[in-house]
Amino acid sequence: MTDFVARAQRFVVAHYPQALAAFLGGSAASGDATESSDLDILVVLPDTWASASFVETVTYEGQLVEVFVYGRHALLPWLEKGREEGRPVLDRLTAYGVSIVQGEVADRMSAASRRMLDAGPTPIDAQQLNRRRYALSALVDDVADAVDLGPRNVASWTAWKEAAELALLSTGCWIGTGKWLLRELHAHGNPFDLAAWADQGGSDTGALLKSCRALLDEVGGYLQSGYVRGEKPSDL
């Protein structure tokens, strides 16, 4: 079996020997990787490259590598962006990944990310909540109207994603992209049976509508007519 951690270490030595810290994340870090998986690696460079900020996909030893490369200062706004959006991709990588360039910088980063993840996201405010209620309400209507299209219609999966994010954010939980969104649902008890719906292949449109409507009831109700985006002057 391929030692993906060793391969990631060789990659960093070969391509970024200057790295102050580096972390391997994704399925390779969790032990679930196969030869068709890619390697997700975060590399932090010293201050000579303080403004470096790029993501590159390359092939190394026959395997795709997606490497996120940042100078220490350039990394900070990307960490903040993920936190503000509720999708802390880089924090997850440093907190839960495998440290492949160890040292004081890596230790500090990992500890800070774990503290941040444990604290949870900033509570969703009323404006964000209403925007998401409005979006999900519209999607519920789309799913109900498209029920004859069957389980593979795009509206169903779009509604599921919006509902999953709202269910998590409204209870102070992080969200994620792709498989991370489903993982977060499982980690927080399958709220409104949304994880179960996805696990079962998204084949029951009626069950999805039931879950979405129950979620909307929990967070303030269906919202369409009367919703205003932006600031409407009081004299209009």
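As the structure is a prediction and not an experimental result, all values here were calculated from the model.

(A) Here's a closer look at the overall build of the protein. A count of helical and extended segments in the protein gives 10 helices and five strands. Across its three principal directions, the C-alpha atoms of the protein cover 60 × 50 × 25 Å. For the protein, the proportion of its 236 residues judged to be buried stands at 44%. Counting contacts in the protein only where the partners sit at least 6 residues apart, residues at least 24 apart contribute 65% of the total. A gap of 1 Å separates the mean positions of the 21 positive and 31 negative side-chain charges of the protein.

(B) Broad picture of the environment of Ala50. Within the secondary structure layout, Ala50 lies in the loop between β2 (39-45) and β3 (53-60). Remark: the alpha-carbon pair of Ala50 and Gly201, spanning 151 residues in sequence, is separated by 45 Å.

(C) A look at the sheet that holds strand β4 (residues 63-71). Reading across from one edge, β3-β4-β2-β1-β5 is the order of the five strands in this open sheet, with mixed pairing throughout. The sheet is open, and its two edges are formed by β3 and β5 (98-101), each paired on a single side. Across the sheet, the mean angle from the axis of one strand to that of its neighbour is 25°, orientation sign disregarded. One ladder, built from five bridges, connects strand β1 (residues 21-25) with β2; its direction is antiparallel. Bridge pairing in β2 links Phe23 to Leu42. Packing against the sheet, helix α3 (residues 72-85) makes contact with β2, β3 and β4, and its axis sits at approximately 105° to β4. In the packing of helix α4 (residues 89-96) onto the sheet, contacts are made with β1, β2, β4 and β5, and the angle to β1 comes to roughly 95°.

(D) Region of the structure containing the side chain of Arg92. Counting through the fold element by element, Arg92 comes out in helix α4. If near-sequence neighbours (up to four positions away) are discounted, Arg92 is found in contact with Gly97, Leu117, Trp174, Ile175, Gly176, Trp180 and Glu184.

(E) Fine view of the packing of helix α6 (residues 126-145) against helix α10 (residues 205-219). α10 packs onto α6 with a crossing angle of 155° between their chain directions and a minimal axis gap of 10 Å. Here α6 lies roughly antiparallel to α10, going by the angle between them. Pair α6 / α10 crosses with left-handed handedness. Residues Leu129, Arg133, Leu136, Ser137, Val140, Val143 and Ala144 of α6 pack against Thr205, Leu209, Cys212, Arg213, Leu215, Leu216 and Val219 of α10. Residue composition of the contact of α6 with α10, by class: 10 nonpolar, two polar and two charged.

(F) Molecular detail of the packing of aromatic side chains. Using the criterion set out here, one finds six aromatic pairs in the structure. Aromatic side chains Tyr70 and Trp78 sit 6.4 Å apart centroid to centroid with 45° between the ring planes, which places their arrangement in the tilted category. Since its relative accessible area comes to 4%, Tyr70 is described here as buried. Measuring from centroid to centroid gives 5.8 Å for Trp157 and Trp160, while their planes differ by 70°, and the two rings are edge-to-face. With a gap of three residues between them, Trp157 and Trp160 both fall in helix α7 (residues 154-169), about one helical turn apart. Residue Trp157 is classed as partly exposed on the basis of its relative accessible area, which comes to 32%. On the basis of relative accessibility, which here comes to 8%, the residue Trp160 falls in the buried class. Chaining the aromatic ring pairs together yields one cluster made of Phe11, Tyr16 and Tyr60. Over the ring of Trp180 we find Arg183; its NZ or CZ atom is 4.9 Å from the centre of that ring.

The rules behind these values
- Residues numbered from 1 in each chain as written.
- Predicted model: local features only at pLDDT ≥ 70, side-chain atom pairs only at ≥ 80, totals over all residues.
- Heavy atoms only, no water.
- Helix = DSSP H or I, 4+ residues; strand = E, 2+ residues; numbered from the N terminus.
- Buried < 20%, exposed > 50% of the residue type's maximum accessible area, 1.4 Å probe, protein only.
- Contact = heavy atoms within 4.5 Å.
- Lys, Arg positive; Asp, Glu negative; His and termini not counted.
- Charge placed at Lys NZ, Arg CZ, Asp CG, Glu CD.
- Pairing = 2+ DSSP bridges.
- Axes fitted to C-alpha atoms, helices over the stretch in contact; angles between N-to-C directions.
- Parallel < 35°, antiparallel > 145°, perpendicular 65-115°, else oblique.
- Left-handed = near helix turned anticlockwise from the far one by under 90°.
- Nonpolar A, V, L, I, M, F, W, Y, C, P; charged D, E, K, R; others polar.
- Phe/Tyr/Trp six-rings, centres within 6.5 Å; stacked < 30°, edge-to-face > 60°.
- Lys NZ or Arg CZ within 6 Å of the ring centre and 35° of its normal.

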